[in-house]
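Fold and geometry: a report
So you can see what is in the structure, the chains are spelled out below.
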Amino acid sequence: MEQKAKKTVALAGQPNCGKSTVFNSLTGAKQFVANYPGVTVDKMMGWYKRDGEDVEVIDLPGTYSLTSYSPEERVTRDVLLKEPLSAVVNVMDAANLKRSLYLTLQLLEMEIPLVLALNMMDVAEGLGIAIDVPGLSRELGAPIVTTAITQGRGREELFAAIADMSRSNARTSLAASELYPDLKDALRELEVLLERENALKDTFPLSWIAVKLMEADPEVLALVREKVGGGAAVLERAEVLREAFEGEKGMGADLYISGQRSRRAAAIAGRFVTKKDTGKAPISERIDRAVCNKFFGPVFLLFVIYGFYYLSFIQGYNLTQYTWPILAGFRSFAEGILPQPGLIELPLLREFVLWIVDNLNALFNYIPIFFILFALIAVLEDSGYMPRIAFVLDRILSRFGLHGQSTLPMILGGVVLGGCAVPAVMATKGIPDEKSKLATILTLPMLNCQAKLPLYFLLISIYFNETVRLPLFGEVSQQSVVIVFIQTISLLFVLPIAKILSMTVLRHKETAPFIMEMPPYHLPTLRGVLGRAIERIWLYIKKITTVVAAVAVVLFVLLQFPGLSPERRAHYEAEKDRAVQTFLDKARGTKFGEGLKDEKDVLDLILFQQGYRELLKSGASAESKKAYGAKNPGFFEIVQNKKDPEAKALEKELKKLLTFRTNTLTAIRKERIDNSLLGKVGRALEPISRYAGFNWRVNVAVLSTLAAKENSVSTLGALYIKEPGEGEAESKDAGTLEQRMKQQEGDLTPLHAMALMLFMVLCPPCLPTIMAIRVQTGSTKWMLFAFFVPLFLGLLTAVLVFSGGSALGLSGFQAMWIFYLIPLTLTILLGLVKTKRVYT
């Protein structure tokens, strides 16, 4: 049986025409996302099977034209011209046919097998718009299918039209001489010259190349130069013709061509589209009068932003209470099948696997938040409100090199305390301006994500707990003032740094013209929203967690090796032997003595006790507890039966042994960190970092935040070890990290704490954020930039605050006020500097 060749179909269309919905409808769940080589543009691909034939579908980026101004335009054009396509479906917005025809005319110039899908017919009908579809099809010379794909209308007809086009491969061309009458002679002359160049034959339509040469399209000029040589007569002649046209008409040929397309699109729409006059403004227009109002618009946007924040972070974190037990269960499962720990020995394989699981679990735990976030973004996109956000805020943010659509990522990143940089970076996907997008991505990690908060609260509770008198406010707590300072200082870093980046390293980045389109409002479909959310979650899982696992291995090695010296291991072994022997001596002579004769028995008892505690935490039934006790009745009596004097006495000894074990393991971990490569790096950095007020422990904590910001406090908790005997006879709070840190770091002052907090605001992004930046920018260079520049700025700020404050004899609280004036003044001054947008 002859095997049919696979067909490839591309979907092209302008933004907000429903192209992605058509793609989802055609392919269902059979999709994947990749990047086009060398650019950050997503490559959406999917499949469907029809009449025994496999069809591959490419969802091209939404684009208004096919010039080479933006990566999206170049990618779309390259696929249309270079890929062996069976059919190209131009998805058009039936409610705005004139705008859609501008792209359609360019597609027709390319002489490709074109099918036109007049989508959103339901919206057009609701607006009283009627389209003469047969007449339009004759005018354009291409088959037209009417669809309202969100309702399933026209789906089968579209499948059939694609199949017909794939079989016929009919190609419609547009007579360039008719479309551009003032360039008729020039285009014909160029075509004749192009026909003489054998290297260009069988590449692209020569009439299309001729038009592009008159437009001075840089990519087509480069192509011709590459194929026929830099001094080709056709290139020289094209330049002469362009200059002659400009001299004669007083305008560039590219502007003339663009204008002719617009006029032709308007003429066609005028002939084949009729609109019933209802006497009422369209509902979208009426909504926009309120939503885009100069005063009410920003207020409404604040409500939307708060809704995003509340649903994704507050409710998302609530959902993690249900998903975390699943992840914890997976960890428990891994613990169960891994080599069991000894009394003070932790098998390397066990430590390694659990380290990887913990790192991945930390990322999987974000999935409920991301799912809600991505679903809400899909709602904004599908409803048509997303462009309105840019409209409302673009004027302010553009003063700092940002974009109106930077607002949402900034909120998610923690412009108010408690965001997360990872979803924030992922949310920059919707920013169409590459310069603004990069400025947003590179500054988002400077906002106060939720992972930074524990360190802030730790330091504030230790070093800023006095009451001060402020003008107008009277006596207030230092803690509340410092929290407000931390909350606002990050924004005062982000705005001027974004402006400086856009004026320096990003100044040559392409800036696409800011085209503000207000598509009609749509009611998002559940399928479309869920499909987009699942698609983006899957992308997150695939692209980030795989890399995180690899980097986590490196960090594990840096924190584990070279480990303890033989002498220190012997020391801990001797301590352990004494503790075990003490316990065995207590057990000897009791009814439990027979089952507790050596270290292995003691370890079995400890593991049994831990298993029983886990059982109690899970809320196990009485039957389950009884069944567990039946595994070893003697052990069960010790850990559970407190009425028996011997069991009660032995349980008390067991608790002492467990305390010894916990303290010893903590001490071993601390010593291992001290001796580890990362610990040694921390000490090696001390001669430099001391100017920022960091000692080696702080250095190690800071280094550990490279994996996750939460690590700062947990690492400090491991470094400031609870000393033997500490806290047992003291208050209930004795032995907390705050107290241990305060007791063991007598030299640290509020000025040290202020320098460390400001470093944390600016410090390099955590590992997941770094990976997200790599994914969104598609560039290792920008990923490294996002790491090292904040590192430099953070150290500079910390040195300025600590060393400067020390030289001036300032306290941490005083240094805070003085330092605040610097970014505040810089923000105001740079906001007054106007920059002109220059387009390619």
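Treat the numbers as computed from the prediction; the structure is a model and nothing was measured. (Residues numbered from 1 in each chain as written. Predicted model: local features only at pLDDT ≥ 70, side-chain atom pairs only at ≥ 80, totals over all residues. Heavy atoms only, no water.)

For the rest of this paragraph, the subject is the pattern of salt bridges. All chains considered together, the criterion is met by 32 salt bridges. Lysine 576 is the salt-bridge partner of glutamate 345, the closest N and O atoms lying 3.0 Å from each other. Note that glutamate 345 is positioned in the loop between helix H14 (296-337) and helix H15 (348-364) and lysine 576 in helix H24 (residues 566-587), a separation of 231 residues in sequence. What makes glutamate 345 partly exposed here is its relative accessible area of 29%. Judged by relative accessible area, which is 4%, lysine 576 ranks as buried. Through salt bridges with shared partners, a single network forms among Glu109, Lys212, Glu215 and Arg261. (Salt bridge = Lys/Arg side-chain N within 4 Å of Asp/Glu carboxyl O. Helix = DSSP H or I, 4+ residues; strand = E, 2+ residues; numbered from the N terminus. Buried < 20%, exposed > 50% of the residue type's maximum accessible area, 1.4 Å probe, protein only.)

Turning next to the pairing of strand E11 (residues 474-477). Relative to E11, strand E10 (residues 467-470) is paired through four bridges, and the arrangement is antiparallel. Residue pairing across strands places threonine 467 opposite serine 477, the latter belonging to E11. Linking E10 to E11, which pair antiparallel, is a turn of three residues; within it leucine 472 sits at a positive phi near 75°. (Pairing = 2+ DSSP bridges.)

Here the chain averages 81 in pLDDT, while 88% of its residues score no lower than 70. Averaged over each element, pLDDT in the chain is lowest for strand E2 (residues 31-35) (51) and highest for strand E8 (residues 144-146) (94). Per-residue pLDDT stays below 50 along residues 35-40; that stretch engages in 21 contacts with residues further than four places along the chain or on separate chains. Considering only residues more than four positions removed or in separate chains, one finds that residues 723-734, a stretch of pLDDT under 50, has nine contacts. (pLDDT = per-residue confidence, 0-100. Contact = heavy atoms within 4.5 Å.)

Of note, threonine 320 is situated in helix H14. What makes threonine 320 buried here is its relative accessible area of 8%.

What follows is about the packing of aromatic side chains. Per the counting criterion, the structure on display carries 14 aromatic pairs. With 5.6 Å between their ring centres and 55° between their planes, phenylalanine 485 and tyrosine 820 make a pair best called tilted. Placement of phenylalanine 485 in helix H22 (residues 478-503) and of tyrosine 820 in helix H36 (residues 812-832) is noted, with a sequence separation of 335 residues between them. Here a set of aromatic residues connected by ring pairs shows up, and it is made of Phe608, Tyr612, Tyr628, Phe635 and Phe636. One residue, arginine 388, lies across the ring of tyrosine 521, its end atom 4.1 Å from the ring centre. Over the ring of tyrosine 691 we find arginine 690; its NZ or CZ atom is 4.6 Å from the centre of that ring. (Phe/Tyr/Trp six-rings, centres within 6.5 Å; stacked < 30°, edge-to-face > 60°. Lys NZ or Arg CZ within 6 Å of the ring centre and 35° of its normal.)

Moving on: unusual backbone geometry. For residues that are not glycine, phi is negative in most cases, and the peptide bond is trans in most cases. In this model, aspartate 51 sits at a positive phi of 50°, which is unusual for a non-glycine residue. With respect to the secondary-structure elements, aspartate 51 resides in the loop between strand E3 (42-50) and strand E4 (53-59). Residue alanine 216 is not a glycine yet carries a positive backbone phi of 60°. Within the element layout of this structure, alanine 216 appears in the loop between helix H9 (206-215) and helix H10 (218-228).

Let us now look at the side chain of arginine 661. Structurally, arginine 661 can be placed in helix H28 (residues 645-675). Despite its burial, arginine 661 pairs with no opposite charge; the closest candidate is glutamate 345, at 7.3 Å N-O. Among the polar contacts listed, one links the side chain of arginine 661 to the backbone oxygen of glycine 342, at a separation of 2.9 Å. (Lys, Arg positive; Asp, Glu negative; His and termini not counted. Polar contact = N/O pair within 3.5 Å; in protein donor to acceptor, adjacent residues only side chain to side chain.)

Phe464, Val482, Met754 and Met757 are the most contacted members of the largest nonpolar core, which has 100 residues in total. Those residues in contact with methionine 754, other than ones at most four positions away along the chain, are Phe464, Val482, Phe485, Val801, Gly812 and Met816. Leu85, Ala124, Val220 and Ala265 belong to the second-largest nonpolar core, a separate cluster that totals 70 residues. (Core = buried A, V, L, I, M, F, W, Y, C linked by side-chain atoms within 4.5 Å.)

Now for the packing of helix H35 (residues 780-808) against H36. Their axes nearest at 10 Å, the elements H35 and H36 cross at an angle of 135°. The angle between the axes of H35 and H36 places the two elements in the oblique class. Of the two elements, H35 crosses H36, and the hand of that crossing is right-handed. For the pair H35 and H36, contact is made by Thr797, Leu800 and Val801 and by Ala815, Phe819 and Ile822, respectively. Classifying every residue of the contact of H35 with H36 by side-chain character gives five nonpolar, one polar and no charged. (Axes fitted to C-alpha atoms, helices over the stretch in contact; angles between N-to-C directions. Parallel < 35°, antiparallel > 145°, perpendicular 65-115°, else oblique. Left-handed = near helix turned anticlockwise from the far one by under 90°. Nonpolar A, V, L, I, M, F, W, Y, C, P; charged D, E, K, R; others polar.)

Moving on: helix H6 (residues 155-168). Each turn of an α-helix holds 3.6 residues, which means side chains three or four residues apart point in the same direction. Taking 1.5 Å as the rise per residue, H6 with 14 residues should run 20 Å; its terminal C-alpha atoms sit 20 Å apart, in good agreement. For H6, the complete set of buried residues consists of Leu158, Phe159, Ala161, Ile162, Ala163, Met165 and Ser166. Just beyond H6, the residue with positive phi is asparagine 169, at close to 55°. (Expected span 1.5 Å × (residues − 1).)

By the element assignment, glycine 809 lies in the loop between H35 and H36. Considering only alpha carbons, one finds glycine 809 and leucine 751, 58 residues apart in sequence, at a separation of 9.9 Å.

For leucine 101, the position within the fold is in helix H3 (residues 97-109). Residue classification places leucine 101 among the buried positions, given a relative accessible area of 0%. C-alpha separation for the pair leucine 101 and leucine 140, spaced 39 residues apart in sequence, amounts to 9.9 Å. Discounting chain neighbours no more than four positions away, the residues touching leucine 101 are Met92, Leu140, Ala265, Ile268 and Ala269.

Below, the discussion takes up a nonpolar patch on the surface. A contiguous nonpolar patch, built from Leu821, Leu824, Ile828, Leu829 and Leu832 and spanning about 490 Å² of accessible area, is present on the exposed surface. Along the polypeptide, leucine 824 turns up in helix H36. For leucine 824, a relative accessible area of 30% translates into the label partly exposed. (Patch = residues over 30% accessible without salt bridge, like charges linked within 9 Å, V, L, I, M, F, W, Y side chains within 5 Å. Areas by Shrake-Rupley, 256 points an atom, 1.4 Å probe, with all protein chains shown as cover.)

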